[in-house]
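Structure assessment
One letter stands for each residue in the lines below.
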Amino acid sequence: MERCRYAYPIRLMSRCLKVSASGYYAWRERSLGRRARDNQRLMKRIVDLHTASDGVLGSPRMWEELRYEGETCSRNRVARLMRTNGIVGVPQRHRWRRKPSGPRPADIQNHLARDFEASHPNTKWVVDITYLRTGEGWLYLCAVIDLYSKQVVGWSMSRQQERTLVLQSVLMALWQREEATPVVLHSDRGTQFTSDEYQQFLAGHNLTCSMSAVGSCADNAAAESFFGLLKRDRVHRRQYTTRAEARADVFDYIERFHNPRMRRRLERLAREEALLTQPSVESG
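The notes below deal with the structure included here. (Residues numbered from 1 in each chain as written. Predicted model: local features only at pLDDT ≥ 70, side-chain atom pairs only at ≥ 80, totals over all residues. Heavy atoms only, no water.)

This paragraph deals with the packing of aromatic side chains. As enumerated under the stated definition, the model contains six aromatic pairs in all. The interplanar angle of 75 degrees and the centroid separation of 5.5 Å between the aromatic rings of Phe193 and Tyr198 together place this pair among those described as edge-to-face. A relative accessible area of 1% places Tyr198 in the buried class. With a centroid separation of 5.3 Å and an interplanar angle of 40 degrees, the aromatic rings of Tyr253 and Phe257 are classed as tilted. Highlighted residues: Tyr253 and Phe257, both in helix α10 (residues 243-277), separated by four residues, approximately one helical turn. Accessibility classification places Tyr253 together with Phe257 in one group, the buried group. Linked through ring pairs, Phe226, Phe227, Tyr253 and Phe257 together constitute an aromatic cluster. Just above the ring of Tyr131 sits the side chain of Lys231; from NZ or CZ to the centre is 4.3 Å. (Phe/Tyr/Trp six-rings, centres within 6.5 Å; stacked < 30°, edge-to-face > 60°. Buried < 20%, exposed > 50% of the residue type's maximum accessible area, 1.4 Å probe, protein only. Helix = DSSP H or I, 4+ residues; strand = E, 2+ residues; numbered from the N terminus. Lys NZ or Arg CZ within 6 Å of the ring centre and 35° of its normal.)

Glancing now at a positive patch on the surface. Side chains of Arg34, Arg35, Arg37, Arg80 and Arg83 sit close together on the surface and give a patch of like positive charge. The set of elements that each furnish at least two residues to the positive patch consists of α3 (34-52) and α5 (75-84). Relative to the elements of secondary structure, Arg37 occurs in helix α3. Residue classification places Arg37 among the partly exposed positions, given a relative accessible area of 47%. (Patch = residues over 30% accessible without salt bridge, like charges linked within 9 Å, V, L, I, M, F, W, Y side chains within 5 Å. Areas by Shrake-Rupley, 256 points an atom, 1.4 Å probe, with all protein chains shown as cover. Salt bridge = Lys/Arg side-chain N within 4 Å of Asp/Glu carboxyl O. Lys, Arg positive; Asp, Glu negative; His and termini not counted. Charge placed at Lys NZ, Arg CZ, Asp CG, Glu CD.)

Here the focus is the nonpolar core. Counting residues in hydrophobic clusters, the biggest one holds 40 residues, and the most contacted among them are Ile46, Met62, Leu66, Val78 and Phe226. When contributions to this core are tallied by element, the ones reaching two or more residues are α3, α4 (59-68), α5, β1 (124-134), β2 (137-146), β3 (152-158), α9 (221-233) and α10. In this view, Ile46 contacts Met62, Leu66, Val78, Leu81, Met82 and Ile87; residues no more than four positions away in its chain are not counted. Judged by nonpolar contacts, the second largest core, of 23 residues, contains Val144, Val153, Val170 and Leu207. (Core = buried A, V, L, I, M, F, W, Y, C linked by side-chain atoms within 4.5 Å. Contact = heavy atoms within 4.5 Å.)

Here it is in structure tokens:
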């Protein structure tokens, strides 16, 4: 009746639906309940976050963002509110491409063994290369990700997929860490990672090289996951005329969207851990 009240008379709809018109008017004048008011407040924040993310956040990541801010709503509630108000994220494209790999050096093992969790920062890193299409040709991106914070701690871009691209991204990661502690750095078997220059660089900077098995993308799933998010949230929704345009957009995504989200995630986890470790107060 509320939806059609400008198209049909209220009393006509009341007779057709066999309800009282006075009941409808009483419902309209009734103030919103606590749950409805909370849904309105939550929906306003969802719209703001969705707009700020350029429309890429679906219900799972929207729920994470709200939890970072201290909300206690459930994931199903967020999904229901977004669905009711026609708010959707950007779906992930599934694409498989076989990459050439080089022989793994004899003394290198898979130290990570698909364990993508770390208890301390700067103990486990993963590194990989992806490509972006521009009007001037390919732009290659190499990123180093800390498995503790899930932040991109080092990255570089180049028009050529070469060893320098990888070395610059690892150097950036080394510069940002506070202490020169040992780090396991995991990669696939791309020729940039199996080269002698790369291996000597790692040995000289207290980095333990770890490599995936041949043809197993799951061994470096953490890096592949980040690249999948980057392409879903930005790259596949843009048409880069120049490499400079692509560089600027990737910089904006990493430094203004992805890394701040991961920092908020760490802050939330720290708060939850602090609450769990607080001594219980005994009632007198």
